[in-house]
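# Structure at a glance
Take a look at the letters that make up each chain.
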Amino acid sequence: MENNSETPSFVTPQGRRIAYHLTDGTGPAVVFLGGFKSDMGGTKAVYLEKWARDSGRAFLRFDYSGHGESGEVFTDGCIGDWFEDACAAIGLLAGKVVLVGSSMGGWISLLVARAMPERIAGMVTIAAAPDFTEDSMWAGFSDAQKQELMAGQVALPSDYGEPYIITRRLIEEGRERLVLRDPLPLPFPVRSLQGTADVDVKMSVALRLLEHAESPDMRLTLVDGADHRFSDDNCLDLIVSAVEDVLGRVG
């Protein structure tokens, strides 16, 4: 293992350095997968880590490449890279895991479940954004933005700080990672959480995922007035309740 400012890290098979925090405890371990341009120091990840420590549960949070404390440049990355990062991070753990995917992390979680279903005990998604590069970004671009993107990149305004730089590679590689076009078996308990006031991921996305996925035990909870951050006290408690519900069903 390598260290960066006292944060542990490892190098993926693809050569990217990934920073992480691992809490020892009982399994199945809970793994938090963050959103697009977010990091493992976010409210939800840290809150879940405290819950895990208090309850003696193994817990892993990490930064995708180009995010937070990990290596690489954000604009060099794409969905496939971050999926590979997640698979490598899960490789730090033994046994089955419960994935908690927030926004883009929901999409990454679905990709992980498709690639290694034998490792997944259950899943919780929070404002999951499957296929967003195609259905939200590309589909929402003007002709001028599409032309700009095809020349290399386009800048999109963000409510969370600096504009998002969207690259041609992000869009084109994302088309190879879509999960809502083909059968999506999720053979384990799934709990999905979605705010009705989320302007980044509409309720229709959560309903589409619920309808499309094939799971023996999948439930969607809509929270009136909750936004995309899903980080107030009530929402954080709901996330923990969903994780505990899944854990209670898988042992």
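Parameters at a glance
- Residues numbered from 1 in each chain as written.
- Predicted model: local features only at pLDDT ≥ 70, side-chain atom pairs only at ≥ 80, totals over all residues.
- Heavy atoms only, no water.
- Helix = DSSP H or I, 4+ residues; strand = E, 2+ residues; numbered from the N terminus.
- Rg over C-alpha atoms; globule rule 2.2 N^0.38 Å.
- Buried < 20%, exposed > 50% of the residue type's maximum accessible area, 1.4 Å probe, protein only.
- Contact = heavy atoms within 4.5 Å.
- Salt bridge = Lys/Arg side-chain N within 4 Å of Asp/Glu carboxyl O.

### So, the overall build of the protein chain
Scanning the protein chain for helices and strands turns up eight helices and 13 strands. Over its C-alpha atoms the protein chain spans a radius of gyration of 17 Å, differing by no more than 12% from the 18 Å that the globule rule assigns to 251 residues. Principal-axis analysis of the C-alpha atoms places the extent of the protein chain at approximately 50 × 40 × 35 Å. The proportion of buried residues among the 251 residues of the protein chain is 53%. For the protein chain, contacts bridging at least 24 residues in sequence account for 72% of all contacts bridging at least 6.

### Regarding the environment of glycine 35
You can see glycine 35 is positioned in the loop between β4 (26-33) and α1 (43-55). The spatial distance from the C-alpha of glycine 35 to the C-alpha of serine 102 is 5.5 Å, given a sequence separation of 67 residues. When sequence neighbours within four positions are dropped, the list of residues in contact with glycine 35 reads Tyr64, His67, Ser102, Ser103, Met104 and Gly105.

### Quick notes on the pattern of salt bridges
A complete count under the given rule lists 18 salt bridges for this structure. The salt bridge involving aspartate 135 is made with arginine 208; its shortest N-O contact spans 2.9 Å. Of this pair, aspartate 135 sits in helix α4 (residues 132-140) while arginine 208 sits in helix α7 (residues 203-212), and the two are 73 residues apart along the sequence. Under the relative-accessibility criterion, arginine 208 is labelled partly exposed at 35%. By sharing partners, the salt bridges in this structure join Arg16, Asp81, Glu84, Asp85 and Arg169 into a single network.

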